[in-house]
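# Remarks on the overall topology
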Amino acid sequence: MAMSKRRRAQMFRYLQYGILLLALVLLIVFANWGQIKRSFFNLDTAAAMFPDVIVVALLNTVIYTVLGFAFGLVLGLILALMKLSSVGPYRWLATIYIEFFRGVPALLVFIAFGFGVPLAFQVRFDIYSTVMLALGLVGAAYMAETIRAGIQAVPKGQVEAARSLGMSQGRAMITIVIPQAFRIILPPLTNELILLTKDSSLIYILGLIGTEYELTKYGRETLSRSPSLTPILIVGLCYLIITLPLGYLSRYLERRTGGRKVPSPEASGLEVSA
Amino acid sequence: MSETETETDSDVVVDISGLTKSFGSLNVLLGIDMLVNRGEVVCIIGPSGSGKSTLLRCVNLLETPNAGSVIVNGVELTHPDADIDAARRRIGMVFQSFNLFGHLRVLENLTVAQRKVLKRGRQEATEIALANLERVGLSDKAHALPSELSGGQQQRCAIARALSMDPEVMLFDEPTSALDPELVGDVLGVMRQLADEGMTMLVVTHEMQFAREVADKVLFMDGGYVVEEGPAEQVIADPQHERTKTFLSRVLNPAHQEG
């Protein structure tokens, strides 16, 4: 009756393998494999997508993301500095901005920006500027919090050393603190680049024309002219071409910066005696 | 340029009077008067919490005093219109935790303020930096990152960084307290050499041997006051006040050896 602890653990492991096997069997038995093959793996449809899916859609996705990321990074840095400001209204404004744009779906921001701004301000941006501003506005809210955390993670002694050498507060921030903050937050920033890559799929709402298609819009358009769902698979793989290397980059940077922090007396003391 | 003229006609480099400082309800400094003459080495000793580091940090206004005046190189830093940044260029500071700039190589640590603050050219700044690295025995580490240096090397690099600004006075805030015992000697050696060269130095330290041998004057602080001050030999070997005696016997007697 009473099983040993080791025996129980073994039984539990068998049970886990059993559930996995059962799930696979159910999937194989009940899925319509012929239909799946016809729907997702239509080679003719796939072949017809090249080279446009790469030279237009993938390229546009990268361009939109990079533009949005660049603008978001600058705005995010400004918001982070506002959040750390000693001037109350700056802090409040930054907090309101961050809470608002983090709490609202990106799609709504794009609609409001794409259609609202031309109406309200009588200005018309080209598609690249629109995408850059719209994606950047959303990305900045996330990046601001990351950058603020990075700035606060730089030891206070760094500022004191800079100030005692005669640097002004601003000079110390630009020359000493911000470069070190960005080293610290490189891994999370890479993650935000991945999120932004996926968010760029939502800009279809702005109304794109053929040469402006990014991956998702391109996939949907091809889908409407195709009897199979193959475009969705191809487009999905294209996203992975972008995001997987970024994911690896992020983990690599995390490993690298994890081992080499700003030198502290304790750390260097240990290194010496080792 | 106009500031430098006033410096030369006075032998007093640091002149502090009636200095008080509190953090919230905690009164750390309760009225300090202190004079440091040109070329003098003054060591500040005392138990932890006595306010000695705070006093040092008030000299270059890293801490803002509540009352009293701080005059360094003839400039009253506590005056509302004082250009603190300009004054700090001539006040070198060395921290307990080194505070080297982690993203910059050793040479850049020494040139960055020369270039951005003193507006020296790249070549001039580099020459001055290399000369100071040699002074502290780190010529071969110019291109290392701070994290690749031992604690003692980092602290010597920090001293060279401060020296590269041609300071009128150097402040040392427990420069050897974060070091492994076997590395303390190198740093004290560099400080001894600076003292011999005539540098005006204000040193907060627990190294009694160093204070005794190098300091011209020793201040013993306790509870926010300067309890006793005088020539090093007198204060350390023959203290007059009860509190100084108690402190010194605690520090010196428990088989406290120095590198």
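Our structure is the block above this text.
Residues numbered from 1 in each chain as written. Chains lettered and ligands numbered in written order. Predicted model: local features only at pLDDT ≥ 70, side-chain atom pairs only at ≥ 80, totals over all residues. Heavy atoms only, no water.

Turning to the overall build of chain A, a few remarks are in order. Looking only at helices and strands, chain A has 12 helices and zero strands in total. When the helices and strands of chain A are placed in sequence order, the string is α-α-α-α-α-α-α-α-α-α-α-α. When its C-alpha atoms are laid out on the principal axes, chain A stretches across 75 × 75 × 35 Å. Buried positions account for 41% of the 274 residues belonging to chain A. Per element, the accessible surface of chain A, about 15,800 Å² overall, is 69% carbon and sulfur. Where the 25 positive side-chain charges of chain A centre and where its 14 negative ones centre are 11 Å apart. (Helix = DSSP H or I, 4+ residues; strand = E, 2+ residues; numbered from the N terminus. Buried < 20%, exposed > 50% of the residue type's maximum accessible area, 1.4 Å probe, protein only. Areas by Shrake-Rupley, 256 points an atom, 1.4 Å probe, with all protein chains shown as cover. Lys, Arg positive; Asp, Glu negative; His and termini not counted. Charge placed at Lys NZ, Arg CZ, Asp CG, Glu CD.)

Here we come to the interface of chain B and chain A. Interface size is commonly expressed as the accessible area that is lost once the parts come together. Counting residues at the interface gives 35 residues for chain B and 25 residues for chain A. Considering only the side of chain B, the residues that lose the most area to chain A are B:Phe101, B:His103 and B:Ser147, jointly responsible for 23% of the buried surface there. The interface formed by chain B and chain A holds two salt bridges in total. Here A:Arg163 ties to B:Asp85 by a salt bridge, and the two come within 3.2 Å at their closest N and O atoms. On inspection of chain B and its partner chain A, the count reaches six residue pairs in polar contact (both at pLDDT 80 or more). Listing elements by their share of the side of chain B that touches chain A, those giving two or more residues are helix H3 (84-88), strand S6 (91-94), helix H4 (106-116), helix H6 (151-163) and helix H7 (181-196) of chain B. Of the residues in the side of chain B that touches chain A, the class split is 18 nonpolar, nine polar and eight charged. (Contact = heavy atoms within 4.5 Å. Buried area = accessible area lost by both parts, 1.4 Å probe. Salt bridge = Lys/Arg side-chain N within 4 Å of Asp/Glu carboxyl O. Polar contact = N/O pair within 3.5 Å; in protein donor to acceptor, adjacent residues only side chain to side chain. Nonpolar A, V, L, I, M, F, W, Y, C, P; charged D, E, K, R; others polar.)

Next up on the list: the packing of aromatic side chains. Residue and element names in this part refer to chain A. Inspection of the entire model under this criterion finds five aromatic pairs over all chains. Centroid distance Phe 113 to Phe 125: 6.5 Å. Interplanar angle 5°. Geometry classified as stacked. Here Phe 125 lies in the loop between helix H6 (106-121) and helix H7 (127-153) and Phe 113 lies in helix H6, a separation of 12 residues in the sequence. Classification of Phe 125 as partly exposed rests on a relative accessible area of 39%. Between Arg 220 and the ring centre of Tyr 204, over which it is positioned, the NZ or CZ distance is 4.7 Å. We note Arg 251 situated over the ring of Tyr 248; from NZ or CZ to the ring centre the distance is 5.1 Å. (Phe/Tyr/Trp six-rings, centres within 6.5 Å; stacked < 30°, edge-to-face > 60°. Lys NZ or Arg CZ within 6 Å of the ring centre and 35° of its normal.)

Turning next to unusual backbone geometry. Here the amide bond leading from A:Phe50 into A:Pro51 is cis, since omega sits at 0°, within 30 degrees of zero. Looking at where A:Pro51 falls in the secondary structure, it is placed in the loop between helix H3 (43-49) and helix H4 (52-83). Even without glycine at this site, B:Phe98 takes up a positive phi of about 65°. Residue position: B:Phe98 is located in the loop between S6 and H4.

With that settled, consider the pairing of strand S7 (residues 169-173) of chain B. Residues and elements named next belong to chain B. Most of S7 is tucked away, with five of its five residues classed as buried. Burial of the side chains of S7 extends over both faces: Val 169, Leu 171 and Asp 173 are buried on one face and Met 170 and Phe 172 on the other. Pairing geometry for S6 and S7, over four bridges, is parallel. Looking at the pairing, Val 94 lines up with Phe 172 of S7. (Pairing = 2+ DSSP bridges.)

Bringing the sheet that holds strand S10 (residues 225-231) of chain B into the picture now. All names here are of chain B. Spatial ordering of the open sheet is given by S6-S7-S8-S3-S9-S10, a layout of six strands whose pairing is mixed. What marks the edges here is a single partner per strand, and that holds for S6 and S10. Taking the axes of each pair of neighbouring strands and ignoring which way they run, one obtains an average angle of 15° across the sheet. The sheet contacts of H6 involve S6 and S7, and relative to S6 the element is tilted by about 170°. (Axes fitted to C-alpha atoms, helices over the stretch in contact; angles between N-to-C directions.)

Turning our attention to the packing of H4(B) against helix H5 (residues 122-135) of chain B. All names here are of chain B. One can describe the packing of H4 onto H5 by two numbers: an axis separation of 9 Å at closest approach and a directional angle of 130°. The orientation of H4 relative to H5 falls into the category oblique. Handedness of the crossing formed by H4 with H5: right-handed. Note on element contacts: H5 touches H4 through Arg 122, Glu 124, Ala 125, Thr 126, Ile 128, Ala 129, Leu 130, Asn 132 and Leu 133, opposite Val 106, Leu 107, Leu 110, Thr 111, Gln 114 and Arg 115. (Parallel < 35°, antiparallel > 145°, perpendicular 65-115°, else oblique. Left-handed = near helix turned anticlockwise from the far one by under 90°.)

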